[in-house]
Amino acid sequence: MPTEPAEHAGQRTAREEELAAAFVELADTLVADFDIMDFLHVLAERAIALLPVDAAGVVLLDARGRMVDASATDERTRQLELAQIEWEEGPCRDCTRTGSAVPYTLLDAAEARDRWPRFTGWALARGFAGVAGMPLRLRERSVGALNVFRCCREAPSRAELRLGQALADVATIGILQYRALRDRSLLDERLEDALGSRVVVEQAKGVLAERLHVSLDEAFERLRARARSRRRPLTDLARAVIDGRGDDAEPADPSPPGS
């Protein structure tokens, strides 16, 4: 019987460990300092780390059933998520409203242009070639969607898209599990606060970008790295940056990977 090369076996083991770590991370919402905004950023980041995609974004439904942008892996993707919400068109909206996945779709295809006329133009202008959507849904309850974007035309495989849906499913269970621990009225209030905190984070990104002469993406990475290193909620640190309080006003460069 042929023996698998050691190099291939090592790659397969590393991949399996990476997958296991991602699912454990997305399921661990019972910790005392659980931060839903950071959790959603983790979901987006794990999507682009584990899938052959270039960007990802997450939207949630608030207590009134309105779509709110919750996370994106970069600023151009966040702008696409905001455009979908404002225009009420796009794969994110369709996925969230129907609770059904949007298969990988080429953005220059006639079907896509007819379905999302404004969104496709914006996405193509920003260098994206295709998009797929995975609902954040448990049974009949939909709480949002995960969108993934590619800059090349080649579609992810069915197995890769199933993995994306599995990440979305685990994240949904984590969010609902977190909610189930609290009274419904308190839950809705906290979710509203969490979604509202996105405004504070975006303001802090703008302040840092202008103050440090860096991009919005770099400003967010610095902000998030400081919050994690100090074990502070992202929103609390963002408020400190906006207010210019102490050394929190200018988070340092994020530590290099592996440090």
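The rules behind each value
Residues numbered from 1 in each chain as written. Predicted model: local features only at pLDDT ≥ 70, side-chain atom pairs only at ≥ 80, totals over all residues. Heavy atoms only, no water. Buried < 20%, exposed > 50% of the residue type's maximum accessible area, 1.4 Å probe, protein only. Helix = DSSP H or I, 4+ residues; strand = E, 2+ residues; numbered from the N terminus. Pairing = 2+ DSSP bridges. Core = buried A, V, L, I, M, F, W, Y, C linked by side-chain atoms within 4.5 Å. Contact = heavy atoms within 4.5 Å. Axes fitted to C-alpha atoms, helices over the stretch in contact; angles between N-to-C directions. Parallel < 35°, antiparallel > 145°, perpendicular 65-115°, else oblique. Left-handed = near helix turned anticlockwise from the far one by under 90°. Nonpolar A, V, L, I, M, F, W, Y, C, P; charged D, E, K, R; others polar. Phe/Tyr/Trp six-rings, centres within 6.5 Å; stacked < 30°, edge-to-face > 60°. Lys NZ or Arg CZ within 6 Å of the ring centre and 35° of its normal.

What follows covers the pairing of strand β5 (residues 141-150). Counting buried positions over the ten residues of β5 gives eight, a clear majority of the element. Across six bridges, strand β1 (residues 55-61) lies against β5 in antiparallel orientation. Paired with A56 across the strands is V148, a residue of β5. With nine bridges connecting them, strand β4 (residues 130-138) and β5 associate as antiparallel partners. Bridge pairing links L138 to R141 in β5.

Our next topic: the nonpolar core. If you look at the biggest cluster of nonpolar residues, it comprises 32 residues, and the most contacted ones within it are L40, L43, L146 and V148. Elements represented by at least two residues in this core include exactly α1 (6-27), α2 (36-50), β1, β4, β5 and α7 (158-180). The residues contacting L43, other than those within four sequence positions of it, are L26, V58, L136, L146, L167, A168 and A171. In terms of nonpolar packing, the next biggest core, distinct from the first, is built from 17 residues, L61, L80, C95 and F128 among them.

Two elements in contact, helix α3 (residues 75-87) and helix α6 (residues 117-125), have axes separated by 10 Å at closest approach and are oriented at 170 degrees. By the criterion of interaxial angle, the relationship of α3 to α6 is roughly antiparallel. The chirality of how α3 crosses α6 is right-handed. Of α6, the residues touching α3 (which contributes Q79, L80, A83, Q84 and W87) are R118, F119, W122 and A123. Taken together, the residues that form the contact of α3 with α6 break down as six nonpolar, two polar and one charged.

A separate point is the packing of aromatic side chains. What characterises a pair of aromatic rings is the spacing of the ring centres plus the angle enclosed by the ring planes. All chains considered together, the criterion is met by four aromatic pairs. Geometrically, the ring pair formed by W87 and W122 is edge-to-face, given 5.2 Å between the ring centres and 85 degrees between the ring planes. You can see W87 sitting in helix α3 and its partner W122 sitting in helix α6, a full 35 residues away along the chain. Ring geometry for F128 versus F149: centroids 4.9 Å apart, planes at 35 degrees, classification tilted. Within this pair, whereas F128 is found in the loop between α6 and β4, its partner F149 is found in strand β5, the two being separated by 21 residues in sequence. A single burial state applies to F128 and to F149, both of which are buried. Ring pairing ties together the aromatic residues W116, F119, F128 and F149, which thus form one cluster. Between R126 and the ring centre of W122, over which it is positioned, the NZ or CZ distance is 4.0 Å.

For helix α4 (residues 91-98), the complete set of buried residues consists of P91, C92, D94, C95 and T96. Looking at the residues trailing α4, positive phi occurs at G99, about 75 degrees.

A few words now on unusual backbone geometry. Residues other than glycine seldom take positive phi values, yet E88 does so here, at roughly 55 degrees. Here E88 shows up in the loop between α3 and α4. Relative accessible area serves as the criterion here: at 55%, E88 is assigned to the exposed category. At R231, a residue that is not glycine, the phi angle is positive and equals roughly 55 degrees. Checked against the element boundaries, R231 lands in the loop between α9 (216-229) and α10 (234-243).

What follows deals with the sheet that holds β1. Spatial strand order, β2-β1-β5-β4-β3: five strands in an open sheet with antiparallel pairing. Because the sheet does not close on itself, it has two edges, and the strands there are β2 (67-72) and β3 (102-106). Strand-to-strand twist of the sheet, defined as the mean angle between neighbouring strand axes without regard to direction, takes the value 20 degrees. Bridging between β3 and β4 involves three bridges; their strand directions are antiparallel. Looking at β4, one finds that L106 is bridged to G130. Contacting β1, β2, β4 and β5, α2 runs over the sheet at an angle of about 145 degrees to β1. In the packing of α4 onto the sheet, contacts are made with β1, β2, β3, β4 and β5, and the angle to β5 comes to roughly 155 degrees.

Interpretation note: all reported values are geometric properties and have no functional meaning in isolation.
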